[in-house]
Amino acid sequence: MTSNVVYSVAYMRGFGRAFTFVLAFLAAFLLMSRNASAYVDPGTGSYVLQMIVAGIAAAGFTLRLFWGRLKLLFKKSASKASGESESPGEID
């Protein structure tokens, strides 16, 4: 079991390095770009607004989908913090 934890931590550290590299590469790519002299038509604003609304709708749907699990998770953590037992019929 311990070796799996050590492997997981080492894997996550490697992932963090890779993520940092990709983020630095994208930042450098965006900062070194030249001016585009491109035309942005009015439909672009509508498309951006549509993407924002779709993102909010997807977040709401995801929250609704996992709401029961989230409630159960917080209920368990609250009962453990207050020292209550898991089942009401259990006596310590």
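This section reports on the structure supplied with the text. These numbers come from a predicted model, not from an experiment.

1. Describing the overall build of the protein
Working step 1: Assigned secondary structure in the protein consists of 2 helices and 0 strands.
Working step 2: For the protein, buried positions account for 1% of its 92 residues.
Working step 3: With an accessible surface of roughly 9000 Å², the protein has 69% of that area assigned to carbon and sulfur atoms.

2. What about a nonpolar patch on the surface?
Working step 1: Taken together, F61, L63, L65, F66, W67, L70, L73 and F74 make up a surface patch of nonpolar side chains, about 820 Å² in accessible area.
Working step 2: Residue position: F74 is located in helix 2 (residues 42–82).
Working step 3: Judged by its relative accessible area of 55%, F74 is exposed.

3. Details of helix 2
Helical geometry: 3.6 residues make up each α-helical turn, so side chains three or four residues apart lie on a common side.
Working step 1: Given a rise of 1.5 Å per residue, 41 residues ought to cover 60 Å, and the 56 Å separating the end C-alpha atoms of helix 2 matches this to within 8%.
Working step 2: Along helix 2, the sharpest change in direction is near 55° and occurs at F66.

Parameters at a glance
Residues numbered from 1 in each chain as written. Predicted model: local features only at pLDDT ≥ 70, side-chain atom pairs only at ≥ 80, totals over all residues. Heavy atoms only, no water. Helix = DSSP H or I, 4+ residues; strand = E, 2+ residues; numbered from the N terminus. Buried < 20%, exposed > 50% of the residue type's maximum accessible area, 1.4 Å probe, protein only. Areas by Shrake-Rupley, 256 points an atom, 1.4 Å probe, with all protein chains shown as cover. Patch = residues over 30% accessible without salt bridge, like charges linked within 9 Å, V, L, I, M, F, W, Y side chains within 5 Å. Salt bridge = Lys/Arg side-chain N within 4 Å of Asp/Glu carboxyl O. Expected span 1.5 Å × (residues − 1). Bend = angle between axes of the 7 residues up to and from the residue.

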